[in-house]
Amino acid sequence: MTPGRESHSSAVDAVVVGAGSAGLYMSHRLRGLGLSVRVIEAGSGVGGTWYWNRYPDARCDTESMQYSYSFSPDLQQDWHWTEKFAGQPEILKYANYVADRFDLRRDITFNTFVTSAVYDEDDDQWAIRTGTGEDIRARFCIMATGCLSNARVPDFIGRDGFKGTTYHTGHWPHEGVDFSGKRVAVIGTGSSGIQCIPEIVKQAAQVYVFQRTPNYSIPARNHPMTPEHEQSWKSNYDERREMQRRSRTGNVNNLNDVSAMSVSEEDRQSQYTARWATGGTTFMASFNDLVTNKASNDTAAEFVRQRIGEIVRDPAVAARLTPRDYPIGTKRICADTHYFETFNRDNVTLIDIREDPIQEIVTSGVVAAGKTYEVDSIVFATGFDAMTGALLKVDIRGRGGESLRVKWEAGPRTYLGLATAGFPNLFIITGPGSPSVLSNMIVSIEQHVDWLTDCIGHMRARQLHVIEPVREAEDAWVEHVNKTANRTLYPSAASWYMGANIPGKPRVFMPYIGGVGRYRQECAEIAAKGYEGFRLAASSRAGAFQSED
Ligand code: NAP
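Residues numbered from 1 in each chain as written. Predicted model: local features only at pLDDT ≥ 70, side-chain atom pairs only at ≥ 80, totals over all residues. Heavy atoms only, no water.

1. A closer look at the overall build of the protein
Keep this limit in mind: Under the DSSP-based scheme used, a helix requires at least four consecutive residues in state H or I and a strand at least two consecutive residues in state E, with every element numbered from the N terminus. Taken over C-alpha atoms, the radius of gyration is set against a globule rule of 2.2 Å times the number of residues to the power 0.38. Under the scheme applied here, a residue whose accessible area is under 20% of the maximum for its type counts as buried, over 50% as exposed, and between as partly exposed, the area being computed with a 1.4 Å probe on protein chains only. The contact definition used throughout considers only heavy atoms, calling two residues in contact when any of these lie within 4.5 Å. Note that accessible areas follow from Shrake-Rupley with a 1.4 Å probe, and for residues the cover is restricted to the protein chains shown. In this tally, Asp and Glu contribute negative charge and Lys and Arg positive charge; neither His nor the terminal groups of the chain are included. Where a charge sits is defined by one atom per residue type, namely NZ (Lys), CZ (Arg), CG (Asp) or CD (Glu).
For the protein, the helix and strand inventory stands at 16 helices and 20 strands. Its C-alpha atoms give the protein a radius of gyration of 24 Å, within 12% of the compact-globule value 24 Å for 549 residues. The C-alpha extent of the protein, read off along each of the three principal axes, is 70 × 55 × 45 Å. Looking at the 549 residues of the protein, the share that counts as buried comes to 59%. In the protein, the proportion of contacts linking residues at least 24 apart, taken out of those at least 6 apart, comes to 71%. Here the protein has roughly 21,700 Å² of accessible surface; of this, 48% comes from carbon and sulfur atoms. Counting 59 positive and 66 negative side-chain charges, the protein places the centres of these two groups 1 Å from one another.

What follows is the structure, encoded as structure tokens:
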């Protein structure tokens, strides 16, 4: 079972695709079970999101003390975060530290893209092919490809004819970019745009920000880590990690567990004012019904709209920056450092492309509303083909050669966001149908990895080699995910959660919004009932897939 590194075919117990936070921890746990593992990573280093997204001021908007692994008490005591919200370089350093500390690199093959994964029913193995021409056979194929890893540049007419330099925030050059004296177009005002624009304007001669949809953003108010804060976490990590696991979002965010409608206007304002002053996306924890009750949501949205009006000096610019046509939080809420203030600078121009979209990109710049904005560089902060994009980039074929792309044509279908019927022994870490992007990703990653490790351990102990969701269980889960989403305001916004940023992508709310704690319990109960909703078997040979039960 030891991988033959020199040959172009090898066999292992498990292939893990991706060496981000999920792939690293998954390989560590599988090794602990005694499995042989290959991790295949497209990049030249570990870290996933934090390897690719190196744009100016890329940083996590989940607090560092919470956005970190909990699996090793020693690790969480030893590691020191320097800021409340860690920046990309520090998180990347952490990922590298984890890889070294747990000796994970020896199983990782870098600079290699998995092109296809085909299930061979004759011997219940996945045949995994890489872009470097290697074939790997493995019992388990675990997709740790991330939810926001398939960076996307829209098909603007003339895009490839631009004579200047172009960048995507999710594929930023490792050596950084010097925009000094340059005229720069930034297209997109999601979390990435909102973080990088205030930094780019400090260097560039002129920045044109092309905004299609204004965003709600809360000041992050990042600051250096205080010894008191760090110590309060380190002294109480067991209890706080448990709180994270049981919470709605995977964060200890002091949810004010009452409806915004149950308190007086004065109390509402003071709650919002306090959260705004503290900073960060925990603003959305001001009340417990901000994403389920439109009236409550309106009060929070209006509070933010007023703050934008106060910060931005030119009322016309403020009006264009103010979101009005979707509920706050239903497109991913942003956290910023002086984003709105940036529009008070002389070298920044906001171009509203809602009514007059970008017509084309020409050799010298960007054309919108009949005007050409001549620039030296274009930054595409245009996001990702989220949740399904990275999975479907790989040609995945299950039983009978069924293609995952075809199966998911009308939207992703999974059981628990972990597996999909017809694709035995294929697992997805934080897949569509799980809390994933609606949660602290590290908390959700650890939960999935731990669950999968237990599941594989359970199989090995019983000499079961095949696991696959039952279609009916999957159908019921998909319905449950949809029903849960439809009880919220989320589906009302044209967000990437809904696939709305990708022309032609089915409009389906992809993550599960039941909450991290509840979901965890659901997964645990399913495991406790002998993996209810899954069929487990010794093999699927002889055409019959014999269930254990
Ligand atoms: P995003 O939220 O999808 O934003 C993409 C931006 O590009 C939007 O403003 C979008 O406008 C615009 N856009 C897309 N296609 C366009 C087109 N054809 N013409 C004009 N504008 C277009 O992507 P992102 O900012 O990279 O963020 C993605 C997610 O990554 C975030 O929501 C968050 O979950 C995560 N992230 C987190 C952090 C953090 O922790 N601080 C930082 C960065 C990213 P529309 O809104 O109109 O579609």
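2. Thoughts on helix α6 (residues 227-234)
Threshold: Note that the arc is defined by the directions from the helix axis to the C-beta atoms.
Those residues of α6 lying buried are Glu230, Trp233 and Lys234. The arc that holds the buried residues of α6, viewed along the axis, is 95°, so those residues lie on one side. Next to the buried residues of α6 lie α3 (73-78) and α7 (237-246).

3. What to know about the site of the ligand
Basically, it comes down to this: In this text, near means that some heavy atom of the residue lies within 4 Å of the molecule or strand in question. In protein, a polar contact requires one atom able to donate a hydrogen and another able to accept it; more generally it is a pair of N or O atoms within 3.5 Å, and residues adjacent in sequence count only if both atoms are side-chain atoms. Each residue gets one label: Ala, Val, Leu, Ile, Met, Phe, Trp, Tyr, Cys and Pro are nonpolar, Asp, Glu, Lys and Arg are charged, and the others, such as Gly, are polar.
In the vicinity of the ligand, 24 residues are found, and the nearest of them are Thr189, Ser192, Arg212, Thr213 and Lys331. Contact between the ligand and Ser192: an oxygen atom at 2.6 Å from a side-chain N or O atom of the residue. A distance of 2.8 Å is found between an oxygen atom of the ligand and a side-chain nitrogen or oxygen belonging to Lys331. In isolation the ligand offers 900 Å² of accessible surface; the protein chains occlude 88% of this area. Within the shell around the ligand, the residues separate by chemical class into nine nonpolar, nine polar and six charged.

4. Structural notes on the domain arrangement of the protein
Let me state the cut-off plainly: Boundaries between domains were set according to an automatic or database domain assignment. Buried area, as used here, totals the accessible surface that two parts lose on assembly, with accessibility defined by a 1.4 Å probe and the loss added over both.
The domain boundaries assigned to the protein delineate domain 1 (8-150 + 386-542) and domain 2 (253-330). Taking the mean C-alpha position of each, domain 1 and domain 2 sit 33 Å from one another. Across the boundary between the two partners, domain 1 contributes eleven residues, which contact 14 residues of domain 2. At the boundary of domain 1 with domain 2, total buried surface from both sides reaches about 840 Å², with 61% on carbon and sulfur atoms. Per-residue buried area on domain 1 facing domain 2 is highest for Leu489, Tyr490 and Ala493; these three make up 53% of the total on that side.

5. A look at the nonpolar core
To keep it simple, the criterion reads: What makes a nonpolar core is a set of buried Ala, Val, Leu, Ile, Met, Phe, Trp, Tyr and Cys residues whose side-chain atoms join them at distances within 4.5 Å.
Among the nonpolar cores identified, the biggest contains 64 residues, and Leu30, Ile142, Leu416, Ile429, Trp451 and Phe534 are the most heavily contacted of them. Counting residues per element, this core draws most heavily on helix α14 (residues 441-461), at eight residues. Leaving out residues up to four positions away in the same chain, Trp451 has contacts with Leu416, Leu418, Cys523, Ala524, Ile526, Ala527, Tyr531 and Phe534. Counting residues in each nonpolar core, the second largest holds 60 residues, with Leu290, Val304, Ala381 and Phe509 among its members.

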